[in-house]
Amino acid sequence: MIRKLSTSLLAIAGLLPVANVVCQAQSLPTLTHHVRDVTRTGAAKPVGQLPSDQIMSLDVVLPIRDEAGLDAMLKALYNPGSPSYRHYLTVAQFTERFGPSQENYDALVSFAKANGFAVVGGTRDGRDVQIKGTVSAVETAFHLIMGTYQHPTEDRTFYAPDREPTTNLSFPLWHISGLDNYSIPHPMLVKRSDYAKAHGIDPEAAVSHATTGSGPSASFLGSDMRAAYYGGTALTGAGQNLGLFEYLGTDLTDLTTYFKNAGQTNNVPITLLSTDGTSTSCVYSRAGGDCDDTEQTLDMTQAIGMAPGLASLVMYIGSTDTAIISAMTTHNPLPTTIGCSWGWTPADPTTLDPYFKQMAMQGQNFFAASGDSSTWSSSNEAWPADDANVVSVGGTDLTTTKAAGPWASETAWSDSGGGISPDGIAIPSWQQLSGVINSSNKGSTKLRNGPDVSANANFTFYVCADQTTCTANEYGGTSFATPMWAGYIALANQQLAENGNAPVGFINPTIYAQNVTSSYGTDFHDITSGTSGSYSAVAGYDLVTGWGSPNGTGLINALAPTSTSPAFSISASPTSLSVVQGSSGKSTITTIVSGGFDSAIGLTASGQPTGVTLGLNPASIAAPGSGTSTLTITVASTTATGTYTITVTGTGGEITHTATVSLTVTAPTAGAFTISVSPTSGYLYQGQSGYAVITTTVSGGFDSAIALSATGQPSGVTVSFSPPSIAAPGSGTSDMNLSVATNAPTGTYPITITGIGGGITHTTTLTFEVVSRRVRVR
């Protein structure tokens, strides 16, 4: 369909009204929804539009390749009878098998730049490109209008797109995060005074029994939760990496205050990682502009209290969910156990599923707080806790025998979130096992039920935050239970590692299968009393506490059976290397023995392509078998670029194990540039003038002016460039001015734009149509 252009602009989409956009290739919609129901139905009344020059930050996400193949691999990966059981993929292997092609990723980056966005983050492994640009650029690139609306349930306005985004890319996008602020993420914690007010009771009545913790006023510390739910000393989370999903940064001074007041020392290294440029600082100020780090600090205290010997704890901080979780699936070291104590309502509840599935494929487990407002409903946010690819954590009311003492009893917490998925998420296979859903728990046989597990969430904790006086027995919520569980699984993963096994990964397929057998009572504390909203705790699985809380070492041993036979494990660090042709790289191979193993372990390496040599020094680990060796990978200048799997085999004591290193061979970086035109197609009437924008982008140290020229235009069409060349180092833009004479021949012409600089020549094409003034607009 032909649409008239501005005579002063050759269809730079989005800087003009929709009616002025040129005819281009068919627009492709994204694979997820972005339009909110309240804007679609009119429940949110329009107020206006965002200012065209307002800056927006977005995270543009590419889809998984071969999702059906991914689902099939996951099914085998979590089947104990499969040869693939717990044979996880590395980040590089996942990208190679299921990630976007390099061509598509580069095309998305070029698309963003051509539409006036600054690319500020994202990776191919993470399948995202983080961009910043004006509202007008957003509206142009994605063919929508950014409106403002009156929130139907909150005293504020919000912004959102008026239609689903589309692009002129040749492939679809998965999602674009940051297009609305309808749902503001909130932490899953609650203050006792607020709870009491909401329920019309005295705050002192919120906890019906005396607390028995080690903290001030007998409040519980994280170490009390370790004593109650683990009860041992051998496992500390050593060697394990734990991640926390956070929408705000923190003030680590509050963490220091907590441990000082508790008379304890924190030995876990803490990293505050901004995933998208969001500040990692969160400082409370009575003067205004407050940032509350209560949630962030308690997340750390509960995770560290349960697993005080963690190798690392990383706070993944961001403003968009995809940016945070993308980092969690690609960061090195990879967090194998993750806690999320935040809730929000996405425009599409499938948005994070590709990342959750990637986590399961990489041996990661994601815990999500089930909420603190009782039964789930459309107005009571459940997500992400009702997603079928996460472990939903509910709340209990715990009593211990004494300070730092063992578990004594437990009932359901009266505000524990749970129920049947309000997002309509289908029931997963592991909840369809016989004995899980029954008439007693009133669960659904068609939709996802939650929570899966639970732990203490009552108002019984010691909390330090905001550099104010610490509180005792004032805060509660499933946000306490969630990082506890993340820390507990770190203990199980430590035991697995010490016995030469891979981490437990996504635990739901395992615990549901185990809990419908006689081992249930050994693994979990079955919570059988208490009510929250529409549901009650009953024997077995229920929709208030799930399967219950962890029963000491019982669940750890079920998830990580100990080996009584001599054994060893072998691992590589790093597990992936990128080596330039003509260079070399190294990975450390580590062997760890257990069960009385006492033998030398011989090492060999294989899988290298032509031109790559592999060396191991030493070539064997002396008895009893624990030690390290350096794998040196030397890449010839003639080796073909690509990704290869190098397998290191360890053999000793009639046992053989392997570890893999993903080797990516790259070409030496040379100075280069790219050239593009925006728009890529357009037209002008006879007698009109207009322009397109030529963009050049340099890389690899390129430093030269780039001269521009055009060929292919018909007689009667003149082309000039302003400026005629891009000054060194070569990145910039030029207006390609087109002037059409009144007698220029009509038709469509490919005009080739050539850029020459630094001995390099590149071209791009503008498909240009000359339209007769007698042609009616169609």
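Preceding this paragraph is the structure being described.
The present account deals with the structure reproduced in this document. Residues take numbers from 1 onward in each chain, read along the sequence in its written order. Two thresholds apply to this predicted model, a pLDDT of at least 70 for residue-level local features and 80 or more for giving and counting side-chain atom pairs, whereas whole-chain, interface and lining totals are computed over all residues. In computing side-chain properties, one takes all heavy atoms of the structure into account and sets aside hydrogens as well as water.

**As for the overall build of the protein chain**
The helix and strand labels rest on DSSP assignments: H or I over at least four residues marks a helix, E over at least two residues marks a strand, and numbering proceeds from the N terminus. Of the regular secondary structure elements, the protein chain holds 15 helices and 47 strands. The C-alpha atoms of the protein chain give a radius of gyration of 29 Å, which matches the 28 Å a tight globule of 778 residues would have. In terms of overall dimensions, the protein chain has C-alpha extents of about 95 × 70 × 50 Å along its principal axes. Burial statistics for the protein chain: of 778 residues in total, 53% are counted as buried. Using the Shrake-Rupley algorithm and a 1.4 Å probe, accessible areas are obtained, with residue cover drawn only from the displayed protein chains. As displayed, the protein chain offers around 29800 Å² of accessible surface, 52% of which is attributable to carbon and sulfur atoms. Two things to know: the radius of gyration comes from C-alpha atoms, and the globule rule equals 2.2 Å times the number of residues to the power 0.38. Using a 1.4 Å probe on the protein chains alone, a residue whose accessible area is under 20% of its type maximum counts as buried, one over 50% counts as exposed, and one in between counts as partly exposed.

**Details of the sheet that holds strand β42 (residues 706-711)**
Spatial ordering of the open sheet is given by β40-β47-β46-β42-β44, a layout of 5 strands whose pairing is mixed. Single-partner strands in this sheet number two, and they are β40 (681-685) and β44 (725-726). Pairing between two strands is assigned when DSSP locates at least 2 bridges connecting them. Sheet topology places β40 next to strand β47 (residues 760-771); 5 bridges connect them, and they run parallel. Counterpart to Tyr685 in the pairing with β47 is Val771.

**A look at the packing of helix α8 (residues 252-262) against helix α9 (residues 294-306)**
When two helices pack together, you describe them by how their axes are tilted relative to each other and by the distance separating the axes. Packing of α8 against α9 brings their axes to within 9 Å, and their N-to-C directions diverge by 45°. One element, α8, and the other, α9, form an angle in the oblique class. Taken as a pair, α8 and α9 cross one another with a handedness that is right-handed. Contact with α8, carried on its side by Leu252, Asp254, Leu255, Tyr258 and Phe259, involves Thr297, Met300, Thr301 and Ile304 of α9 and no other residues of that element. Orientation is described by axes fitted as lines to C-alpha atoms, over the contacting stretch for helices, and by angles from 0 to 180 degrees between their N-to-C directions. Angles below 35 degrees are treated as roughly parallel, those above 145 as roughly antiparallel, those between 65 and 115 as roughly perpendicular, and all remaining angles as oblique. Each crossing gets its handedness from the near helix: less than a right angle anticlockwise from the far helix is left-handed, clockwise is right-handed. A contact between two residues is defined here by any heavy atoms of the two lying within 4.5 Å.

**As for the environment of Gly231**
Inspection of the secondary structure puts Gly231 in the loop between α7 (222-229) and β12 (241-246). The class for Gly231 is exposed, based on a relative accessible area of 56%. A sequence separation of 173 residues divides Gly231 from Ala404, and the C-alpha atoms of the two residues are 9.2 Å apart.

**Digging into the packing of aromatic side chains**
The rule is short: rings of Phe, Tyr and Trp, with Trp giving its six-membered ring, pair when the centres are within 6.5 Å, and they are stacked under 30 degrees, edge-to-face over 60, tilted in between. Evaluation of the coordinates by the stated rule reveals 31 aromatic pairs. Note on Tyr247 and Trp342: the rings are 5.6 Å apart at their centroids and 75° apart in plane angle, and the pair reads as edge-to-face. You can see Tyr247 sitting in the loop between β12 and α8 and its partner Trp342 sitting in strand β16 (residues 342-343), a full 95 residues away along the chain. Take Tyr247 and Trp342: they sit in the same class, and that class is buried. Taking 5.1 Å as the distance between ring centres and 90° as the angle between the ring planes, the aromatic pair formed by Tyr258 and Phe259 counts as edge-to-face.

**Thoughts on the nonpolar core**
Judged by nonpolar contacts, the single largest core of 82 residues is most densely connected at Leu313, Trp485 and Ile511. Among the elements that take part in this core, helix α12 (residues 478-498) stands out by supplying 11 residues, more than any other. With sequence-adjacent residues up to four places away left out, Leu313 is seen in contact with Leu242, Leu244, Val268, Pro269, Ile270, Thr271, Met300, Ala303 and Ile304. Take the buried residues of types Ala, Val, Leu, Ile, Met, Phe, Trp, Tyr and Cys, join any two whose side-chain atoms come within 4.5 Å, and each joined set is a nonpolar core. In this structure, Val314, Ile338, Trp383 and Ala385 belong to the second largest nonpolar core, which totals 27 residues.

**With respect to unusual backbone geometry**
Looking along the chain, the bond that leaves Ala623 and enters Pro624 is cis, with omega of 10°. Here the amide bond leading from Ser722 into Pro723 is cis, since omega sits at 0°, within 30 degrees of zero. Relative to the assigned elements, Pro723 resides in the loop between β43 (717-722) and β44. For His143, which is not a glycine, the phi torsion comes out positive at approximately 60°. Looking at where His143 falls in the secondary structure, it is placed in the loop between α5 (135-142) and β6 (146-150). A positive phi angle is found at Gln467, which is not glycine, with a value near 50°. As for its position among the elements, Gln467 is in the loop between β23 (462-463) and β24 (471-472). With relative accessibility at 43%, the residue Gln467 sits in the partly exposed group.

**Thoughts on the side chain of Ser219**
Along the chain, Ser219 falls in the loop between α6 (192-199) and α7. With relative accessibility at 0%, the residue Ser219 sits in the buried group. Between N or O atoms, a polar contact is any pair within 3.5 Å; within protein, one atom must be a potential hydrogen donor and the other a potential acceptor, and residues adjacent in sequence are included only when both atoms are from side chains. Here Pro216 takes part through its backbone oxygen, which lies 2.7 Å from a polar atom of the side chain of Ser219. For Ser219, the residues in contact, after removing those within four places along its chain, are Thr211, Gly213, Ser214, Asp224, Thr460, Phe461, Tyr462, Ala472 and Asn473.

**Thoughts on the sheet that holds strand β35 (residues 620-621)**
With mixed pairing, 5 strands are arranged side by side in an open sheet as β31-β38-β37-β33-β35. A single partner strand is all that each edge strand has here, and the edge strands are β31 (576-580) and β35. Bridge analysis of strand β33 (residues 601-606) against β35 gives 2 bridges, and the strand direction is antiparallel. Pairing of Gly602 across the sheet is with Ser620, part of β35.

**A look at the pattern of salt bridges**
When a carboxyl oxygen of Asp or Glu is within 4 Å of a side-chain nitrogen of Lys or Arg, the pair counts as a salt bridge. According to the stated counting rule, one finds 8 salt bridges in the structure shown. Close ionic contact of Arg97 with Asp66 constitutes a salt bridge, the shortest N to O distance being 3.1 Å. Of this pair, Arg97 sits in helix α3 (residues 91-98) while Asp66 is found in the loop between β3 (55-61) and α2 (67-77), placing the two residues 31 residues apart along the sequence. A salt bridge links Lys357 to Glu67, with the shortest nitrogen-to-oxygen separation between them at 2.9 Å. Of this pair, Lys357 sits in helix α11 (residues 353-361) while Glu67 sits in helix α2; the two residues are 290 residues apart in sequence, bridging distant segments of the chain. For Lys357, a relative accessible area of 12% puts it in the buried group. Since its relative accessible area comes to 32%, Glu67 is described here as partly exposed.

**With respect to the pairing of strand β18 (residues 391-400)**
Burial within β18 is extensive, with 9 of its 10 residues counted as buried. With 3 bridges joining them, strand β17 (residues 365-369) and β18 adopt parallel strand pairing. When the sheet's bridge partners are listed, Ala369 is paired in β18 with Val393. Pairing geometry for β18 and strand β22 (residues 453-456), over 4 bridges, is parallel. Each bridged residue has a counterpart across the sheet, and for Gly395 the counterpart in β22 is Ala455. Alignment of β18 against strand β19 (residues 407-412), held across 5 bridges, turns out to be antiparallel. Across the sheet, Leu398 pairs through a bridge with Glu410, a residue of β19. In this structure, the hairpin formed by β18 and β19 is closed by a connection of 6 residues, where Ala404 is found at a positive phi of approximately 55°.

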